[in-house]
Each structure stands twice: as C-alpha cells, then as structure tokens.
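# Structure at a glance
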Amino acid sequence: KGGHQPFGSILPGAVVSFETQDRNGNAVRGMGSCSVGSSYLHNPTLPYVVLGLGGTSNFISKLTIGLSHDHKGKQWYRQWELLVPNSQVILIPKPPHKPPKWTLQLYLTPSDLIYSVSGVLLGICVGILIIILLLHAREKYQDSKERKQAKQRFHFNVM
C-alpha cells in the first residue's frame, strides 16, 4: 500500500531511557514509561512519553526504547545514538517482535532562536565582507602610490 506508516499503534508498556551530559560534563540519565489509559468513559489515547532534559544543550548520547516482553519472556528493545534535543521522536515498532526493523522518525521544530542566530551569522558575514573590501581598497591605493613613486624615480634617473 505504498508509503503508509502505521502511526498510533497501541502497544502498552513501552519504556524509554536516555543518556546525555549536562553543562559540567556529568552523565545524566532519565527514564520514562508509557501506559495507555482508557476506561469505558474515555477513548483510548495514543501512547507517548515526555522526557525533560533540563538545562542541557548536548545531543542525546543514547536513547533506548523497549516494549513489554512476550509470554516467552523475550524482551524487545533497540538503541539509537546521537539524537538532537528539543525534538519529537516517533517510533514505529513494526513488526513489534523484530527491533532491528523498527523505524525512528525525528521531527525538529524551529524556535525563535533560529532567526536571531541567522541574523548574527549574517551580520558577521557582512562585517567580514566590509573588512575585506576595505583592506582590498587600501592595498590598491598603496599599489598605485608605489607605481607613481616608481614612475617619478624613472623620470629623475633619465635627466
């Protein structure tokens, strides 16, 4: 059926853990679990886990996602390395019993900081361009001055 992705498959009991470093270089580990809440009064909700990294801007060193084991005691989990913080990660565990085939999709939401960072970068580039143009004009002026002095010396030597 083409590129249809099975978003929203309800697989209760997922466990998510991550490892990263804080600003001081200390290891930070976190864990969250997912359960599907439903009752006869409410519709079943899609499973999700929200993990807070705190004040770190580092990449997530390791993300481990595991599903509940089957009746034979087999555990299904997979690890991913170097994920971008402040992003949404969607796991598509299809098929659930084959973790190497699971797909992880990463969605980034640009924040307002991207505009300020782009402005600063553009300002730095314009500043460097102005400095280059000024130095180039200065070099041309000095070269023309030296050529004039060389022509005058030549004329004086002829006399």
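Structural data are supplied above this passage.
Conventions adopted
Residues numbered from 1 in each chain as written. Predicted model: local features only at pLDDT ≥ 70, side-chain atom pairs only at ≥ 80, totals over all residues. Heavy atoms only, no water. Helix = DSSP H or I, 4+ residues; strand = E, 2+ residues; numbered from the N terminus. Buried < 20%, exposed > 50% of the residue type's maximum accessible area, 1.4 Å probe, protein only. Contact = heavy atoms within 4.5 Å. Areas by Shrake-Rupley, 256 points an atom, 1.4 Å probe, with all protein chains shown as cover. Pairing = 2+ DSSP bridges. Axes fitted to C-alpha atoms, helices over the stretch in contact; angles between N-to-C directions. Core = buried A, V, L, I, M, F, W, Y, C linked by side-chain atoms within 4.5 Å. Polar contact = N/O pair within 3.5 Å; in protein donor to acceptor, adjacent residues only side chain to side chain. Patch = residues over 30% accessible without salt bridge, like charges linked within 9 Å, V, L, I, M, F, W, Y side chains within 5 Å. Salt bridge = Lys/Arg side-chain N within 4 Å of Asp/Glu carboxyl O. Lys, Arg positive; Asp, Glu negative; His and termini not counted. Charge placed at Lys NZ, Arg CZ, Asp CG, Glu CD.

## Here we look at the overall build of the chain
- Of the regular secondary structure elements, the chain holds one helix and six strands.
- In the chain, which comprises 159 residues, the proportion classed as buried is 15%.
- Long-range contacts, defined as pairs at least 24 residues apart, comprise 42% of the intrachain contacts of the chain with a sequence gap of at least 6.
- Accessible surface computed for the chain: about 12,900 Å², of which carbon and sulfur atoms make up 59%.

## Observations regarding the sheet that holds strand β1 (residues 15-21)
- Ordered in space as β2-β1-β3-β4, the four strands form an open sheet in which the pairing is antiparallel. The sheet terminates laterally at β2 (27-33) and β4 (76-83), the two strands that pair on one side only. The average angle at which neighbouring strand axes cross in this sheet is 15°, direction not considered.
- Sheet analysis places β1 next to β2, joined by seven bridges and oriented antiparallel.

## Observations concerning the nonpolar core
- Membership of the largest hydrophobic core is limited to 12 residues, which are Ala 14, Val 16, Phe 18, Cys 34, Ile 60, Leu 63, Ile 65, Leu 67, Trp 76, Trp 80, Leu 83 and Trp 102.
- Of all the secondary-structure elements, those providing two or more residues to this core are β1, β3 (60-67) and β4.
- Sorting elements by how many residues they give to this core places β3 first, with four residues.

## Section: the pairing of β3
- Of all eight residues in β3, six are buried; the element is thus mostly enclosed.
- Where β1 meets β3, five bridges bridge the pair, whose relative direction is antiparallel. If you follow Val 16 over to β3, its bridge partner there is Ile 65.
- Two strands pair when backbone bridges link them, and β3 and β4 are joined in this way by seven bridges, in the antiparallel orientation. Paired with Thr 64 across the two strands is Gln 79, which belongs to β4.

## Remarks on the side chain of Gln 105
- With respect to the helices and strands, Gln 105 occurs in strand β6 (residues 103-108).
- A polar contact is formed between the side chain of Gln 105 and the side chain of Tyr 107, at a distance of 2.7 Å.

## Focus: a positive patch on the surface
- Positive charge collects at one region of the surface, where Lys 140, Arg 147, Lys 148 and Lys 151 lie side by side.
- Here Lys 151 shows up in helix α1 (residues 113-158).

## Some details on the pattern of salt bridges
- Inspection of the entire model under this criterion finds one salt bridge.
- Two residues, Glu 19 and Arg 29, come together in a salt bridge whose shortest N-O distance is 3.8 Å. Note that Glu 19 is positioned in strand β1 and Arg 29 in strand β2, a separation of 10 residues in sequence.
- Look at Glu 19 and you get partly exposed, because its relative accessible area is 28%.

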